[in-house]
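The lines below spell out each chain.
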Amino acid sequence: MELSKAVALTLLSWFFLLHHFHHASAKRSVYIVHTDKSSMPKAFSSHTYWYSSMLKSVKSVAQTSLEGQSSGPKIIYTYDNAFHGFSALMTKAELEALKKSPGFISAYADDVVTPDTTHSYKFLSLNTATGLWPASNYGKDVIIGVIDTGIWPESPSFRDDGMTEIPARWKGICQEGEQFNSSSCNKKIIGARYFNEGFRAEQPDLSIGVNSARDVDGHGTHVASIAAGNFVDGVSFFGYAPGTARGVAPRARLAVYKVLWNGGVNSDILAGIDQAVADGVDVISISLGIRTDLLYENPLSIASFGAREKGILVSLSAGNRGPSLRTIRSGIPWAVVVTSGTIDRWLAGTLTLGNGKVITGWTTFPARASVRNLPLVYNETLSECNSAELLSGAPEQSIIVCNLTIGNADVSSAMNILPQSNVRAAILIAEEPPIFRSNLFPFPGVVITPTEAREVINYASRSSSPRATIDFQQTILGTEPRAAPALSDDASRGPGRSYDGILKPDLMAPECQS
């Protein structure tokens, strides 16, 4: 009896294993296939027909998957400009059979992709009288292809004031879609397309949001305006850093290729780059992160090589995975890899103590009003500022000192907790440098260094009635409190992870968050 049970359990286990194996092998995923263009038989009039024939000849072990999918593989994209090949939805068994086809070079699974000002031009010593700007005519008629999350065409940065007629060599289109029509393009935004077939094949049940080149994330719009935004007067970040905004090449044209949705995949990135090459761009700008280190499996590496062969400059972001070494994934020899550096400007607020001492700290609290002559509270227990319950003991309408160097809170977490308290404002003590990439500052406050904090704590502890005032919307120019130019703390470092001999990044540019 016991032996019979053991046999039955063994058979049941094997059944589940075989079921799981069949399920895994029958499941279709997107694969990117690299082919030898010259191997196409003369019988085919185009590579699309050739690729379709290759897939039709593939015989899957399981004619239908357990999910009831169709019995044959399906082409997602064909690539013929920056890269020769196609992407297709198929099973592992079908892929193995495809590898035996003439002209097959390599294949790899589709993978996810993630997205990696008013004073910068002065910091770079660009001026309208002499030098690079007038010599290049402000980038006039250079066509920049931006591979990203799309664009918000109503932004003033994309007005076509002062732009001449679109160059006759341009072959692109303004693809219409949801909340985006042909009038969304102009002489500045001369092309717009979107690609999501790969993403939809991998995530058929996930919403893609607005199905067009319209940017609902902001990243692509941000990148495009930095590269080629037109002149816009009277801009600021909630009162900070006021001035005239413009891109580095304000007279250049923009062609936008939306490839990121609620996520992104390599096959869509390849499609965007391939189309940009076909449309006739001069520069391709990519600020995205790819997880693949191997150059021969990295779509940015392969596609940028094809683009460079056709004389197109490809610019890639280094990424934001510093400060450790070998954190650059885009160590691509034939692409220009740009990392972020500091700038001689920081956004500030001034803290004035009741004894007259003035300290300049960091803040982006977006309000014109001042926090005036309120009681200053320093309590070592309360100063950890790591819970709303803890701060319930703080006096109402006071300015509390939060020492973030002794607890487990940081500026971001403190900003989430402080609005739940009854205090009016906060002085946040954080390790140097007091400059942070996040612009989120929803609560009145200012960040100062531990060195500056000594005077604040001494005053608050020894005065019988300590008080303080905070003024916001201050913009400070100069190399204090941090050096500039210098590599940003979170900027990815070289060498390239694909090979130690590839020294990247190539250039450092001012970070736009400053």
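Criteria and cut-off values
Residues numbered from 1 in each chain as written. Predicted model: local features only at pLDDT ≥ 70, side-chain atom pairs only at ≥ 80, totals over all residues. Heavy atoms only, no water. UniProt positions renumbered as here; feature names shortened; annotations may be inferred. Helix = DSSP H or I, 4+ residues; strand = E, 2+ residues; numbered from the N terminus. Contact = heavy atoms within 4.5 Å. Disulfide = S-S within 2.5 Å. Buried < 20%, exposed > 50% of the residue type's maximum accessible area, 1.4 Å probe, protein only. Expected span 1.5 Å × (residues − 1).

Naming follows an unreviewed UniProt entry, where the protein appears as Subtilisin-like protease SBT3 of Sesamum radiatum. In its Sequence similarities (unreviewed entry) section, the UniProt entry covering the protein states "Belongs to the peptidase S8 family."

Mapped onto the secondary structure, Asn-298 falls in the loop between β12 (288-290) and α9 (299-309). With sequence-adjacent residues up to four places away left out, Asn-298 is seen in contact with Ile-290, Thr-292 and Arg-329.

Under the counting rule described, the total for this entry stands at two disulfides. Cys-174 shares a disulfide with Cys-185; S-S distance 2.1 Å. One quick way to see it: the torsion about the S-S bond of Cys-174 and Cys-185 is about 85°, and its sign makes the bridge right-handed. Of this pair, Cys-174 sits in the loop between β6 (143-148) and β7 (189-194) while Cys-185 sits in the loop between β6 and β7; the two residues are eleven residues apart in sequence, bridging distant segments of the chain. Here Cys-385 is linked by a disulfide to Cys-402, with a sulfur-sulfur distance of 2.0 Å. Across the disulfide from Cys-385 to Cys-402, rotation about the S-S bond amounts to roughly -80°, and the bridge is consequently left-handed. Residue Cys-385 is located in the loop between β17 (371-377) and α10 (388-391), and its partner Cys-402 is located in strand β18 (residues 399-403); the two are separated by 17 residues in the primary sequence. Relative accessible area serves as the criterion here: at 0%, Cys-402 is assigned to the buried category.

Glancing now at helix α8 (residues 266-279). Under the 1.5 Å per step criterion, the end-to-end length of α8 is 20 Å for 14 residues, consistent within 8% with the ideal 20 Å. Burial runs high along α8: twelve of the 14 residues are buried. Among the residues of α8, Asn-266, Ser-267, Asp-268, Ile-269, Leu-270, Ala-271, Gly-272, Ile-273, Asp-274, Ala-276, Val-277 and Asp-279 are the ones counted as buried. Downstream of α8 by one or two residues, Gly-280 has phi in the positive range, about 100°.

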